[in-house]
Amino acid sequence: MTMRRRSVLAAGAAGAAAVLTGGTSAAAATRTPATPDRRRLASAVAGSAWPGGSASLRSLADKVGLRIGSALYPEDISTASHSAIASGQFDVYTPANEMKWEVVEPEQGTFDWTGADNLVNYAKAHGAVVRGHCLCWHSQLPAWLTTDVANGKYTQAQLLDLLEQHIFTEMGRYRGKIWQWDVCNEFLTDTSPSGVDPNNWWIVNAGPEVITKAFQWAHEADPFALLFYNDYNNAGEDGTNAKFRACAALAESLQKNAHIDGIGIQGHLDTQYGWSPEQMREDIESYAAMGLKVAVTEADVRTFVNNSADQVPTDSLAQFAQPFEYQEMLKAALAVPECISFTVWGFTDENSWVPGSFKGEGYACLYDVNLRPKAAYSAFQSDLALAAFGAPQRVAGR
Ligand code: G3I
């Protein structure tokens, strides 16, 4: 196991060096006569930022202006062992559930901001910022709302009023304290061609203008927050790239009719499916060329495992594929300066959403079920250390 892990790390490190320096491998770089930059690289290789070293992901990412984040569950804040990782490694936090409508307004007019406040305060205490998630989504809506809508209690206009109120209430509470907000989440179809889903709960019940209106209200509610449209398979993951095109078209319409700052690429990968890192990078570049910022918002890479308690991959090749796919996503993000943050959807397999949602799968995070860093964590360390020598500085996020 140890040997195998070492070889993964060596392969990951060499690959990172090749991509980020334009050379062929880290080993080759150390054999080539030293130039000043190569000497700096060699010293980074030898220093604490190399696999096994102690440099945190956030300190390494900071060198190129990238914020590196994680979704946090309440226990990530309240449990000392989790909190040490959350605060030590990451500097942008997304509440996994605590800002969703069903959580903040469980009964109509009765609010519970406990989890959201905790996360915002925690970020402040640890020199981190917050990605608010998410204001308008078809899932995790309060039961009072979905029941009333199903019973025909509201007209489309009344439902839009409720959404407007929700956006102003939640964004107003945290005005000036949230770096990026996911305003609308997962409105596009998984078809080719793709487009706004006519069967989406919001489109059906509030009408097709709901997305534009949500972005208009969000910009009014907190003009300082960066506003994102967030989705999965919108950057090279779906084979046809149809969802990227639909996402770009939606963003273009929002640029004309409302206000949008960026695209969130969720990045939920699975080792059993192919995907194209080159396409992801090209798509990020295309979003950037439209004047948009980009955030990788929910990265994880799942695979088949023995059981949900231990989450040991059943295919030994997965131990290579999992960190490799993580690395390729990170490199695509690092290549484009408009990509300002990279967030993983939970940092430990212990509380990952994957085993509960994908039968027989797990091992999706950077840390295992016992909070030990996995090969993917070390690969991130290496790639971020090397990024300081080749990746462009991020554009400013306001
Ligand atoms: O709060 C209840 C609790 O009272 C109850 O005892 C428990 C029993 O199962 O369930 C708890 O609710 C769960 C909730 O997470 C909070 O832990 C829900 O069952 C569970 O379905 C819910 O899952 C969340 C999922 O969104 C729902 O769609 C995951 O934690 C969360 O990580 C996940 O996040 C989404 C992003 O928001 C959007 N993109 C996809 C991503 C993964 O699904």
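This is a predicted model, so every value here is computed, not measured. (Residues numbered from 1 in each chain as written. Predicted model: local features only at pLDDT ≥ 70, side-chain atom pairs only at ≥ 80, totals over all residues. Heavy atoms only, no water.)

Asks: If you had to explain the pattern of salt bridges to someone new, which residues and values would you point to?
Replies: Inspection of every chain in the model, using the stated rule, returns 13 salt bridges. Residue Asp117 pairs with Arg173 through a salt bridge whose shortest N-O separation is 2.7 Å. Pair noted here: Asp117 is in helix 8 (residues 114-125) and Arg173 is in helix 10 (residues 156-173), with a separation of 56 residues, a long-range link. Of the residues examined, Arg173 reaches a relative accessible area of 38% and is grouped as partly exposed. A salt bridge links Glu285 to Arg281, with the shortest nitrogen-to-oxygen separation between them at 3.5 Å. In this pair, Glu285 and Arg281 are both assigned in helix 14 (residues 277-289), four residues apart and thus about one turn of the helix distant. Salt bridges sharing common partners tie together Asp190, Asp231 and Lys243. (Salt bridge = Lys/Arg side-chain N within 4 Å of Asp/Glu carboxyl O. Helix = DSSP H or I, 4+ residues; strand = E, 2+ residues; numbered from the N terminus. Buried < 20%, exposed > 50% of the residue type's maximum accessible area, 1.4 Å probe, protein only.)

Asks: Could you give me a rundown of the layout of surface pockets, with the residues and numbers involved?
Replies: Empty space within the largest pocket amounts to approximately 510 Å³. Around the largest pocket sit 24 residues that line it, and Tyr232, Gln266, His268, Trp353 and Phe358 are the ones nearest its centre. At the level of secondary structure, the elements contributing two or more residues to the lining of the largest pocket comprise strand 7 (268-270) and strand 8 (293-304). If you tally residues by element for the lining of the largest pocket, the top one is strand 7, at three residues. Counted by class, the lining of the largest pocket contains ten nonpolar, eight polar and six charged residues. (1 Å grid on protein atoms, 1.4 Å probe; cavity = no way out; pocket = protein on both sides within 12 Å on 5 of 7 lines; lining within 4 Å. Points joined across faces, edges and corners; volume = space filled by probe spheres on them. Nonpolar A, V, L, I, M, F, W, Y, C, P; charged D, E, K, R; others polar.)

Asks: Account for the packing of aromatic side chains, naming residues and giving values.
Replies: Applying the stated rule across the entire model yields 13 aromatic pairs. On the numbers, 5.5 Å between centres and 40° between planes, the contact of Tyr93 with Tyr122 is tilted. Residue Tyr93 is found in strand 2 (residues 92-95), and its partner Tyr122 is found in helix 8; the two are separated by 29 residues along the sequence. Take Tyr93: its relative accessible area is 0%, and that puts it in the buried class. Under the relative-accessibility criterion, Tyr122 is labelled buried at 7%. Through a chain of ring-to-ring contacts, three or more aromatic side chains come together here, namely Phe90, Phe347, Tyr367 and Tyr377. Between Lys243 and the ring centre of Tyr232, over which it is positioned, the NZ or CZ distance is 3.5 Å. Lying across the ring of Phe358, Arg302 places its NZ or CZ 3.6 Å from the centre. (Phe/Tyr/Trp six-rings, centres within 6.5 Å; stacked < 30°, edge-to-face > 60°. Lys NZ or Arg CZ within 6 Å of the ring centre and 35° of its normal.)

Asks: Please give an account of the pairing of strand 9 (residues 339-344) that cites residues and values.
Replies: Of all six residues that make up strand 9, six are buried, and the element is covered over most of its length. Summarising the sheet, strand 1 (residues 67-72) and strand 9 pair through four bridges and their orientation is parallel. Within the sheet, the bridge partner assigned to Ile68 lies in strand 9 and is Phe342. One ladder, built from four bridges, connects strand 8 with strand 9; its direction is parallel. Residue pairing for strand 9: Val294 is matched across the bridge by Cys339. Between strand 8 and its parallel partner strand 9, the chain crosses via helix 15 (residues 318-335), and the hand of that crossover is right-handed. (Pairing = 2+ DSSP bridges. Right-handed = clockwise from strand over helix to strand, strands pointing away.)

Asks: So what about the confidence of the model for the protein? Which residues, and what values?
Replies: This prediction gives the protein a mean pLDDT of 89; 86% of its residues lie at or above 70. In this model residues 1-39 is a low-confidence stretch, pLDDT under 50, and it forms 49 contacts with partners more than four residues away in sequence or in other chains. Within the model, pLDDT remains below 50 along residues 41-49, and this stretch shows 15 contacts once partners closer than five positions in the same chain are excluded. (pLDDT = per-residue confidence, 0-100. Contact = heavy atoms within 4.5 Å.)

Asks: Just give me the short version of the packing of helix 14 against helix 15, but keep the residues and values in it.
Replies: Here helix 14 crosses helix 15 at 30°, and the two axes come no closer than 9 Å. On the basis of their axis angle, the class for helix 14 and helix 15 is roughly parallel. Both helix 14 and helix 15 take part in a crossing whose hand is right-handed. The segment helix 14 lies against helix 15, with Pro277, Met280, Arg281 and Ile284 engaging Glu328, Met329, Ala332, Ala333 and Ala335. By residue class, the composition of the contact of helix 14 with helix 15 is seven nonpolar, no polar and two charged. (Axes fitted to C-alpha atoms, helices over the stretch in contact; angles between N-to-C directions. Parallel < 35°, antiparallel > 145°, perpendicular 65-115°, else oblique. Left-handed = near helix turned anticlockwise from the far one by under 90°.)

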